[in-house]
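Fold and geometry: a report
Spelled out from the first residue to the last, the chains are:
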Amino acid sequence: MKTLLLGALIGIPVSLAAFWFLAGMHALEHAVWSTLPHSLGFDQAPWWWPLPLLLISGISVSLIALHLPGAGGHIPAAGISMGGSTPIALPGVLLAAAASLPLGATLGPEAPLVALGAGLAVLLRDLARAPSTPQATLLMAAAGSAAAIAAIFGSPLIAAVLLIEVAGVGGPQLFAVMLPALLSSGIGSLVFLGFGRWTGLDTGQLKLKPAGPFPRLDAADVAWAVLLAVVVGFVMHQAMGLGRRVSVFVTRKTVSRSALCALAAGACGAAYALSTGRNPADVASSGQGTLAQLTSDPKAWGIGVLVAVLLFKTLAYALCLGALRGGPIFPAIFLGAAAGVLVAPLPGLGLIPALAAGMAAATASAMRLPVSSVVLVTLLLGSAAMTPVVILAAVVAFVVTELLPVHPPAGSPAGAHP
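A few points on the structure. (Residues numbered from 1 in each chain as written. Predicted model: local features only at pLDDT ≥ 70, side-chain atom pairs only at ≥ 80, totals over all residues. Heavy atoms only, no water.)

**Looking at the packing of aromatic side chains**
Put simply, the rule is: Only Phe, Tyr and Trp rings are paired, with Trp represented by its six-membered ring, and only when their centres lie within 6.5 Å; those with planes under 30 degrees apart are stacked, over 60 edge-to-face, the remainder tilted. Lysine NZ or arginine CZ positioned within 6 Å of the ring centre and within 35 degrees of the ring normal marks a charge as sitting over the ring.
Under the defined criterion, the tally for this structure stands at 4 aromatic pairs. Summarising the aromatic geometry, the rings of F19 and W20 are spaced 5.1 Å apart at their centres and angled 85 degrees between planes, so their arrangement reads as edge-to-face. When the ring of W48 is compared with that of W49, the centres are 5.4 Å apart and the planes differ by 50 degrees; the resulting orientation is tilted. Cation over ring: R278 sits above W301, and NZ or CZ is 4.0 Å from the ring centre. Residue placement shows K313 over the ring face of F334; its charged tip is 5.1 Å from the ring centre.

**Remarks on the packing of helix 8 (residues 219–251) against helix 12 (residues 329–343)**
A pair of packed helices is captured by two measures, namely the crossing angle of their axes and the spacing between those axes. Here is the rule we go by: Every axis corresponds to a line fitted to the C-alpha atoms, with the helix fit spanning only the stretch in contact, and the corresponding angles, defined between N-to-C directions, vary from 0 to 180 degrees. Numbered from the N terminus, helices here are DSSP runs of H or I no shorter than four residues, and strands are runs of E no shorter than two. Note on angle classes: values under 35 degrees are labelled roughly parallel, values over 145 roughly antiparallel, values of 65 to 115 roughly perpendicular, and the remainder oblique. Two helices cross in a left-handed way if the nearer one is turned anticlockwise from the farther one by less than a right angle. They cross in a right-handed way if the turn is clockwise. Whether two residues touch is decided by their heavy atoms; if any such pair falls within 4.5 Å, the residues are in contact. Only Asp, Glu, Lys and Arg are considered charged in this grouping, and only Ala, Val, Leu, Ile, Met, Phe, Trp, Tyr, Cys and Pro are considered nonpolar; every other residue, Gly among them, is considered polar.
Closest axis-to-axis distance for the helix 8/helix 12 pair is 11 Å, and the angle between their directions is 140 degrees. Compared by their axis directions, helix 8 and helix 12 come out oblique. Once helix 8 is placed against helix 12, the crossing between them reads as right-handed. Residues L228, V232 and M236 of helix 8 form the contact with helix 12, whose participating residues are A332, L335, A339, G340 and V343. For the contact of helix 8 with helix 12, the class distribution of residues is 7 nonpolar, 1 polar and no charged.

**Here we look at unusual backbone geometry**
To keep it simple, the criterion reads: In this scheme, a residue with accessible area under 20% of its type's maximum is buried, one over 50% is exposed, and one in between is partly exposed, where area comes from a 1.4 Å probe on protein chains only.
Phi is positive for A71, which is not a glycine, with a value near 55 degrees. As for its placement among the helices and strands, A71 is situated in the loop between helix 2 (50–67) and helix 3 (90–100). Even without being glycine, R368 reaches a positive phi, approximately 55 degrees. By the secondary structure assignment, R368 is in the loop between helix 13 (351–367) and helix 14 (370–381). For R368, a relative accessible area of 30% corresponds to the partly exposed category.

**What about the pattern of salt bridges?**
What counts, and what does not: A side-chain nitrogen of Lys or Arg and a carboxyl oxygen of Asp or Glu constitute a salt bridge if their distance falls within 4 Å.
Summed over the entire model, instances satisfying the criterion amount to 2 salt bridges. Salt-bridge contacts for R278 lead to D282; the nearest nitrogen and oxygen are separated by 3.0 Å. With a closest N to O distance of 3.2 Å, R368 and E402 form a salt bridge. Of this pair, R368 sits in the loop between helix 13 and helix 14 while E402 sits in helix 15 (residues 387–403), and the two are 34 residues apart along the sequence. On the accessibility criterion, E402 (40% relative accessible area) is partly exposed.

Any functional reading would require information beyond the geometric quantities listed.
The following block contains the structure:
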């Protein structure tokens, strides 16, 4: 009961801290990528804009990782973790995030938020003089992380599911049990829906009636979704692998290597802007803002632009995964959505099923958390109508990722404080 009470109290300050962290990052990003270019007489950020920003970012993050406790948080290429969850590591985590996200790192804010929530929770536990056993520390860190995740994704449900998979509740048998069950439920749902349409019989399902219509899934949607999941899973696996290799390269000795990789990520944004005439922020950002633009008006993104953003943002994503600090989820969602929009004109494939499959496949491959990916994408879509396709795409991409060769583990900054 005391643990539950403390967990409830922790949610208040962690949510407030998450609010101001996200508001601060958003304000800084707007100032750097919109206000400052306009004040200098540009209609939008010029093509060369990411180059100096990400050079500064690479140098700053490397110095923070080398000289502050916690190394600025965990390396994004390692995936989602509880890294940087001690109070002493929080300054480095926040500074590294501020040096990465507003300056154009192709990463999301979720990893620093997880560290912020966990660190604040442990700090509050110490201030309250609660028991400091390893189990109590784990419980408080999980509670703080959950409050932070719920804030960024707008749902307590995804926070609970994500922590179950990240923490490995259930041990090594978790995936052995959940993956077949997840796949079986997805295929079973497709069979159930298809047989109901074929017979025309009503089974009296428990359901709500949304205001807007949703497309009906058909065989073509499912077939294309599986193929898209295979391709996206392969590409995302390679991107994560390149990110891990970059992290190993960066850890070997010098700050200049971090600066070089960050500058290369900036060059991706510059090349995209030069080749398309669009804002380099499409590449040099988490994708959170551009995702809304992409899904609300996909026709504004021609085939050439979609190919360019997929190519350059994937490469920038891999470089930032190894050289800077942030989270891997937001860019993965955008890349999956862009892939879905690109293939949506294929015969028999609709835009919504393509978006659903692309986002689910990219998220499951990047996070290696299939259940969390299904819940997250379903919540983003705002409807359960695409759930069968989301499940199939997530499982297929996860299996493809697991069958491919294992990449070397991510490095850690040389000489960094533990």
